[in-house]
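# Reading the structure
Chain by chain, the residues run as shown.
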Amino acid sequence: MTDLSYRPRLKDLRPITSTNNGLLAPDATAVRTSPASSFAERQGYQAEHLGAFVVPLPGTAAIAADVLPVAGSADARLDYEHFSIVMSKSRRLALFTGVNIDGSASVSVSRGGDPWAFDGRIPEGAQAGDELYANNDFDRGHLVRREDPNWGPTAGVANRDTFHFTNCAPQLSAFNQRTWLSLEDYILTNTRRVGERANVFTGPVFRQNDPVYRDVAIPLAYWKVVAFIHDDGRPSASAYLIDHDVDLTEQTLLFGTFKTYQQSVLSIEGLTDLDFGELHQFDGFSNEERDRGEVVRRLITGLEDILV
């Protein structure tokens, strides 16, 4: 029976212990690991996704020493459904991601319960996991946007695949600001609207002076390169950068200024030491930059500022 006359004092209270499983915080549960065998059927990023406009994954010869090896993969790629990732050995984050988008077959998939997992094909210690994101202002930011690979009959598989720590980067709310998200929305909704296909590469800019937090050097800038074909058959490439200053020396994270730019594919190669092959030939910013002999970039404050 319920004793409504009970008036507890501090000495009467008992601690919540591990036997009270229903009251444990979600963080107390073990983070899952997807076994290597579960990825056996994944094809990953396809260079021929745009037909005659072949766009391979970026080359990593200049930074080969920092590429994390993957058993059974000569080019160290981790293949997921409709996207692939190459990891940095030193930073425990992705060097870059590459995703194929098919707007004509796009499927809306519910987010689910944020089931972040380790990828069992590489050591757990090679992936920055929940210990980086606990009790601070960092978001578990998707590098491959969750909705991008969700197309075709395997859309649900693709959605789950995006929730691996290999596809995660520490991002402050300043990163998820209106212009950058509008850019991603534009890419996705435009492919849905006209039934186009697109390839999108995304990654962090690694700098030697990136602040270290919980043994992880935190990138303060991110880039994106997009390849698609116009309605009139013209192949196109464009590149974007978001950069912001963050002070991680204090116990609280202080937001600094940040800006989003459209700039050349060549400039992204210079920032990352990645090789995008001939893609720069289809980028007006890169061609203009070569002719002028100087850096060309454009501040993006809204979709009307984007040139493709």
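Our structure is the block above this text.
Here goes a summary of the coordinates provided.

Calculation notes
Residues numbered from 1 in each chain as written. Predicted model: local features only at pLDDT ≥ 70, side-chain atom pairs only at ≥ 80, totals over all residues. Heavy atoms only, no water. Helix = DSSP H or I, 4+ residues; strand = E, 2+ residues; numbered from the N terminus. Buried < 20%, exposed > 50% of the residue type's maximum accessible area, 1.4 Å probe, protein only. Areas by Shrake-Rupley, 256 points an atom, 1.4 Å probe, with all protein chains shown as cover. Arc of directions from axis to C-beta. Polar contact = N/O pair within 3.5 Å; in protein donor to acceptor, adjacent residues only side chain to side chain. Contact = heavy atoms within 4.5 Å. Pairing = 2+ DSSP bridges. 1 Å grid on protein atoms, 1.4 Å probe; cavity = no way out; pocket = protein on both sides within 12 Å on 5 of 7 lines; lining within 4 Å. Points joined across faces, edges and corners; volume = space filled by probe spheres on them. Salt bridge = Lys/Arg side-chain N within 4 Å of Asp/Glu carboxyl O. Phe/Tyr/Trp six-rings, centres within 6.5 Å; stacked < 30°, edge-to-face > 60°. Lys NZ or Arg CZ within 6 Å of the ring centre and 35° of its normal.

Scanning the chain from N- to C-terminus turns up 4 helices and 14 strands. Split into buried and exposed, the 308 residues of the chain put 51% on the buried side. Summing over all exposed atoms, the chain offers an accessible surface of approximately 15,500 Å²; the carbon and sulfur share of this is 51%.

A few words now on helix α4 (residues 284-292). Every buried residue belonging to α4 is among Phe285, Ser286 and Glu289, and all of these are buried. The buried residues of α4 occupy an angular sector of 100 degrees when the element is viewed end-on, so they sit on one face. Put simply, Asp283 is the residue that caps the front of α4, since its side-chain oxygen is 3.2 Å from the backbone nitrogen of Phe285. Gly293 lies just past α4 and shows a positive phi near 75 degrees.

Turning our eyes to something else, we now look at the environment of Thr166. As for its position among the elements, Thr166 is in the loop between α1 (155-161) and β7 (168-171). In this structure, the C-alpha to C-alpha distance between Thr166 and Ile85, residues 81 residues apart in sequence, is 7.3 Å. Those residues in contact with Thr166 that lie beyond four places of it in its chain are Leu78, Tyr80, Ile85, Met87, Ala94, Asp119, Ile122 and Gln127. Here Tyr80 takes part through its side chain, which lies 2.7 Å from a polar atom of the side chain of Thr166.

Burial analysis of strand β3 (residues 83-87) places 5 of its 5 residues in the buried class, which makes it a mostly covered element. Alternating positions in β3 separate into two faces, Phe83, Ile85 and Met87 on one and Ser84 and Val86 on the other, with burial throughout. Direction of pairing for strand β2 (residues 78-80) relative to β3: antiparallel, over a ladder of 3 bridges. If you follow Asp79 over to β3, its bridge partner there is Ser84. Between β2 and β3, which follow one another and run antiparallel, lie 2 residues, and His82 among them has a positive phi close to 75 degrees. Relative to strand β4 (residues 94-102), β3 runs antiparallel, the two sharing 5 bridges. Along β4, the bridge assignment pairs Val86 with Phe96.

Moving on, we come to empty space enclosed by the protein. Sizing a probe to match a water molecule and rolling it over the atoms shows the empty space that remains. Counted under the stated rule, the structure contains 2 cavities of 30 Å³ or more. Taken as a whole, the second largest cavity encloses approximately 40 Å³ of empty space. Along its surface, the second largest cavity is lined by Arg145, Asp148, Glu184, Ile187, Leu188, Val200 and Lys224.

Further remarks concern helix α3 (residues 265-272). Given 3.6 residues to a turn, an α-helix orients residues that are three or four positions apart in the same direction. Listed in full, the buried residues belonging to α3 are Val265, Ser267, Ile268, Glu269 and Thr272. Downstream of α3 by one or two residues, Asp273 has phi in the positive range, about 65 degrees.

Turning our attention to the pattern of salt bridges. On inspection of all chains with the given rule, the structure shows 13 salt bridges. One salt bridge connects Asp79 with Arg77, and the closest N-O pair in it is separated by 2.6 Å. The two residues Asp79 and Arg77 agree in class, both being buried. Through salt bridges with shared partners, a single network forms among Arg145, Arg146, Glu147, Asp148 and Asp185.

Ring pairs (aromatic) are described by centroid distance and by the angle formed between their planes. This model, assessed by the stated rule, comprises 9 aromatic pairs. A centroid spacing of 5.4 Å and a plane angle of 50 degrees characterise the contact between Tyr45 and Phe201, whose relative ring orientation is tilted. Taken as a pair, Tyr45 in the loop between β1 (32-34) and β2 and Phe201 in strand β8 (residues 197-204) lie far apart in primary sequence, 156 residues in all. The interplanar angle of 15 degrees and the centroid separation of 4.9 Å between the aromatic rings of Tyr80 and Phe83 together place this pair among those described as stacked. Accessibility assignment for this pair places Tyr80 and Phe83 in one class, buried. One aromatic cluster in this structure is built from Tyr45, Phe201, Trp223 and Phe276. Above the plane of the ring of Phe39 lies Arg121, whose end atom (NZ or CZ) is 3.8 Å from the centre. Seen from the ring of Tyr261, Arg297 lies directly overhead, with NZ or CZ sitting 3.9 Å from the centre.

The subject of this paragraph is the side chain of Asn150. Tracing the sequence through the fold places Asn150 in the loop between β6 (139-142) and α1. Of the residues examined, Asn150 reaches a relative accessible area of 1% and is grouped as buried. Excluding residues that lie within four positions of it along the chain, Asn150 makes contacts with Ser106, Val107, Val109, Ala155, Ala158 and Asn159.

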